[in-house]
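Here is what each chain is made of, one letter per residue.
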Amino acid sequence: MIKAVEEYAIFSLDATGAVQTWNVGAHRIKGYTEQQILGRHFSVFYLPEDQQAGLPEATLAHAIQHGDWCGEGWRVRRDGTTFWADVVITAVFGPDGELTGFVKLTRDATERRSAEANQHRLELLRERERIALELTDATTRSIFAATLTLARALATSNDPRVTEFVEEAISALDRTVTQIRSTVTSLRS
C-alpha cells in the first residue's frame, strides 16, 4: 500500500541515513528511481548549504531524541530543481530500544507555499493602497484648508505683491491636489 501512494514520498532510512525503501510518490516528488537512490544517504535531498550546515544530521538527531522531527524547507530533486517540502522523520526503535532506522514522509508543498506568498503579497498591496488613500485624503484636506486660508488672506489684502504671492500659492496647491488625484487614480488602475 505504501509503495502505491503517489502524493507523498514515503521511504525508510537505516540508522545512518541511507535510503532503504522507496515508493512511487518518492519517485514522483524527488525524481530518483528506486535503483538510483537505494543505499544513498538522504542528505542528497538537501541544498548544498544545508548539507554543509549539518541539517540532515541534525534532523536525524532530533528524531532520535524526540521520536520525530517535523519541518519545512527547500529540498532538491534529482534534476537539481528545488521544491518546498513538508517533512516528517520518525525514528524507529527495535524491541531492545536500539535505533533501527527512520521513516521519512515528504510532501511537495510548493503550490501551497506559492499560494501563501501570493496571498501575503496581495495583503501587502491592499495595505499599501489603504495607506495611500488615507494619506491622499489627509493631504488633500490639509491642502484644501490651506487654500481656504490663503483665499481669506487674499480677500483682505490690498497689497498687489501679497495678492500675487497668495494667488501663486493657491495655484500651486490646486496643481498639487490635481497631481495627487491623478497619481492615485493611475495607481488604482
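Being a predicted model, the structure only gives us computed values, none of them experimental.

Student: Explain the overall build of the protein chain residue by residue, including any values.
Tutor: For the protein chain, the helix and strand inventory stands at six helices and four strands. When its helices and strands are written in sequence order, the protein chain yields β-α-α-α-α-β-β-β-α-α. A compact globule built from 189 residues should have a C-alpha radius of gyration of about 16 Å, whereas the protein chain, at 32 Å, is more than 25% larger. Referenced to the eigenvectors of the C-alpha coordinate spread, the extents of the protein chain come out at roughly 105 × 30 × 30 Å. Here the protein chain holds 189 residues, and the buried ones make up 30% of them. For the protein chain, restricting intrachain contacts to residue pairs at least 6 apart in sequence, the fraction spanning at least 24 positions comes to 40%. Put simply, the protein chain shows about 11900 Å² of open surface, and 56% of that area lies on carbon and sulfur atoms. Considering the protein chain, the positive charge centre built from 21 side chains and the negative charge centre built from 26 side chains are found 4 Å apart.

Student: Provide a residue-level description of helix 4 (residues 55–66), including the pertinent values.
Tutor: With 12 residues, helix 4 extends 16 Å from end C-alpha to end C-alpha; this agrees with the ideal 16 Å at 1.5 Å per step. Looking at helix 4, one finds that the buried residues are Pro 56, Thr 59, Leu 60 and Ala 63. All buried residues of helix 4 lie within an arc of 95° about the axis, which places them on one face of the element. Where helix 4 terminates, the next one or two residues include Gly 67, which has phi positive at roughly 100°.

Student: Outline the pairing of strand 4 (residues 99–108), supporting the account with residue identities and numerical values.
Tutor: Pairing geometry for strand 1 (residues 9–14) and strand 4, over six bridges, is antiparallel. If you follow Ile 10 over to strand 4, its bridge partner there is Leu 105. In this structure, strand 3 (residues 82–93) lies alongside strand 4, joined through nine bridges in antiparallel fashion. Within the sheet, the bridge partner assigned to Ile 89 lies in strand 4 and is Lys 104. In textbook terms, the turn of a hairpin is the stretch between consecutive antiparallel strands, and for strand 3 and strand 4 this stretch comprises five residues, one of which, Gly 97, has a positive phi near 85°.

Conventions we followed
- Here, residues in each chain are numbered from 1, in the same order as that chain's written sequence.
- Where totals are concerned, whole chains, interfaces and linings use all residues; where local detail is concerned, this predicted model gives features only for residues with pLDDT of at least 70, and gives and counts side-chain atom pairs only at 80 or more.
- The side-chain figures draw on all heavy atoms in the structure; neither hydrogens nor water molecules are used.
- In this text, helices come from DSSP runs of H or I with a minimum length of four residues, and strands from runs of E with a minimum of two, each type numbered from the N-terminal end.
- Here the globule rule reads 2.2 Å times residues to the power 0.38, and the radius of gyration is calculated from C-alpha atoms.
- Only protein chains enter the accessibility calculation, which uses a 1.4 Å probe; a residue whose area is less than 20% of its type maximum is buried, one above 50% is exposed, and one in between is partly exposed.
- What makes two residues a contact is simply this: any of their non-hydrogen atoms within 4.5 Å.
- What sets the accessible areas is the Shrake-Rupley method with a 1.4 Å probe; for residues, cover comes only from the shown protein chains.
- Counting rule for charge: Lys and Arg are taken as positive, Asp and Glu as negative, and neither His nor the chain ends is counted.
- Charged groups are reduced to one reference atom each: NZ for lysine, CZ for arginine, CG for aspartic acid, CD for glutamic acid.
- The span you would expect from a helix comes to 1.5 Å times its residue count less one.
- This arc is built from the directions going out from the helix axis to the C-beta atoms.
- Note: two strands are recorded as paired if DSSP finds a minimum of 2 bridges between them.

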